[in-house]
Each structure stands twice: as structure tokens, then as C-alpha cells.
Amino acid sequence: MPRITITVADSSAQPYRFSLERQTVALGRGAENDIVLDSASVSVKHAEMRRIHGGYELADLGSTNGISLDSTRREVIPLQSGMTAAIGDVQFHFLLTDEEIQTLHYEKTSRLSPEKAAPVRRSEPIEYSYPAPSGGSFAAKLLFVVLAAAAFFTGLAIRHQRDTGASLIDAIRAKPSLQSAPAAAAPPN
């Protein structure tokens, strides 16, 4: 769940969590807002955090003191995990888990071709750990082939033993060479 931490001057930070399915979160001084900001610099209906395709944005609702990022006032601020914006004089810190970042990135790029897909922007790098290739599947395939060949040869040996009464291995060892075989009689003219 996305986490928002609101810090009003001279007050302790207040964390809030919302489901990724939540479409809007209203912020302002009025009691009807989802997050009530107790600050004189905040309007009654100040801003909304909106769920957009592949992410979130913070949008000003025509407030007196607006919203800003890096001290620059804006109408809409695309939110990225780890960033801090201002709602009036109130600090608005936005944070996503790695799973949420991946879910939103997949959502954003699923409708686009890979060359148009935007990279995930983060304040810190994502570290992935993949299991090292073990070669287990090759070894399993090789074992299967060896066992299949052994089963096939055993079947041949049993069939040969039953049909001739002699061992297949002995028959292979005693195989007459082609040179010592008697020549076939030539057909009469």
C-alpha cells in the first residue's frame, strides 16, 4: 500500500497507507477530506492524490498556497517513490514498496511497446537476486537419456535371451566377421 507521511510544522509526522486500487485521496483543512491537514497554509479542499495509469499524481484543486516540488509551484506533480512535495507549508512524503513500484511499472509499460516503455525511476536502485544456474536441468536430461538407453539395452538383452537362449553380450563378442563368413553360392546362369 502506498505510504504518505504528512509533516505539519511543530507536529509529529503522521503516516497514512492506501491500497493501490484507491483512485483518489482528498487532502485539505476541511473535515470531509481523507487526510485532514491542520495548517493555516492549507485550503479547505487543497489537493488530491490521484491514481493514474502506472502511478500517482498530486493535483492542486485551486488552493491559495498551491502545491510545490523543490520550491517550485505546480498544478500537478507526478509522484515517484521517495519524493517529498509541499502542500502549502505541509510536507507530503510519498513512498512505495518495491513490489508496488514493479506493479505500477508493469501497468505503465503493459500497453506500450518495449522501446516506448519508460524506465522505473527510483530514489534508490533496485537490487535483484537471481538463483545461480545450477545445471540441474542438463544433468536431469542426461540422466534420463542414460537410463532410457540402459532400459532399451536391457529389453533387447532379455528378448535375445528368450528368443535364442544365449546372452546378447556373448553374441556380440562372438559376432563373426564378414571375412570369415562363407561366401554365398553364385546363382546359376
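Residues numbered from 1 in each chain as written. Predicted model: local features only at pLDDT ≥ 70, side-chain atom pairs only at ≥ 80, totals over all residues. Heavy atoms only, no water.

In this section: the pattern of salt bridges. Under the definition given, this model contains five salt bridges. Where E107 meets R51, a salt bridge forms, and the shortest distance between an N and an O atom there is 2.9 Å. Of the two residues, E107 sits in helix 1 (residues 98-110) while R51 sits in strand 5 (residues 47-52), which places them 56 residues apart along the sequence. Given the relative accessible area of 21%, E107 is considered partly exposed. Taking relative accessible area as the criterion, R51 reaches 16% and is therefore assigned buried. Its salt-bridge partner being D163, residue R159 comes within 3.3 Å of it at the nearest N-O pair. Linking R159 with D163, this pair stays in helix 2 (residues 136-164), spanning four residues, or about one helical turn. Here the salt bridges share partners, and the residues they tie into one network are E48, R50 and E57. (Salt bridge = Lys/Arg side-chain N within 4 Å of Asp/Glu carboxyl O. Helix = DSSP H or I, 4+ residues; strand = E, 2+ residues; numbered from the N terminus. Buried < 20%, exposed > 50% of the residue type's maximum accessible area, 1.4 Å probe, protein only.)

A few words now on the nonpolar core. Within the largest apolar cluster, 27 residues are counted, with the highest numbers of intra-cluster contacts made by I6, L27, M49, L58, L79 and F92. Looking at which element gives the most residues to this core, the answer is strand 11 (residues 90-95), with three residues. Ignoring anything within four residues of it in the chain, the contact list for F92 reads I4, T5, I6, L27, M49, L58, L79, M83, T84, A85 and I87. (Core = buried A, V, L, I, M, F, W, Y, C linked by side-chain atoms within 4.5 Å. Contact = heavy atoms within 4.5 Å.)

The pairing of strand 1 (residues 3-7) with strand 2 (residues 14-17) spans four bridges and is classified as antiparallel. Across the sheet, residue R3 finds its bridge partner in strand 2, namely R17. Linking two consecutive strands that pair antiparallel, namely strand 1 and strand 2, is a turn of six residues; a positive phi of about 65° is found at D10 within it. Here strand 1 runs beside strand 11; their pairing, made up of five bridges, is antiparallel. In the sheet register, I6 faces strand 11, and the bridge partner there is F92. (Pairing = 2+ DSSP bridges.)

Put simply, the chain has an average pLDDT of 82, and 78% of its residues get 70 or more. With pLDDT under 50 throughout, residues 113-126 is counted as low confidence; its partners more than four residues away or in other chains account for 16 contacts. (pLDDT = per-residue confidence, 0-100.)

Take helix 1 next. Along an α-helix, residues three or four positions apart point the same way, because every turn accommodates 3.6 residues. The end-to-end C-alpha distance of helix 1, which contains 13 residues, comes to 18 Å, matching closely the 18 Å that a straight helix rising 1.5 Å per residue would cover. Packing partners of the buried residues in helix 1 comprise strand 5 and strand 6 (55-60). (Expected span 1.5 Å × (residues − 1).)

As a further point, take the sheet that holds strand 8 (residues 72-74). Across the sheet, six strands lie side by side as 2-1-11-10-7-8; this open sheet has antiparallel pairing. Looking at which strands have only one partner, the edges of the open sheet turn out to be strand 2 and strand 8. Strand-to-strand twist in this sheet, taken as the mean axis angle between neighbours without regard to direction, amounts to 30°. Where strand 7 (residues 67-69) and strand 10 (residues 84-87) come together, two bridges link them in antiparallel fashion. Residue pairing for strand 10: S68 is matched across the bridge by A86. (Axes fitted to C-alpha atoms, helices over the stretch in contact; angles between N-to-C directions.)

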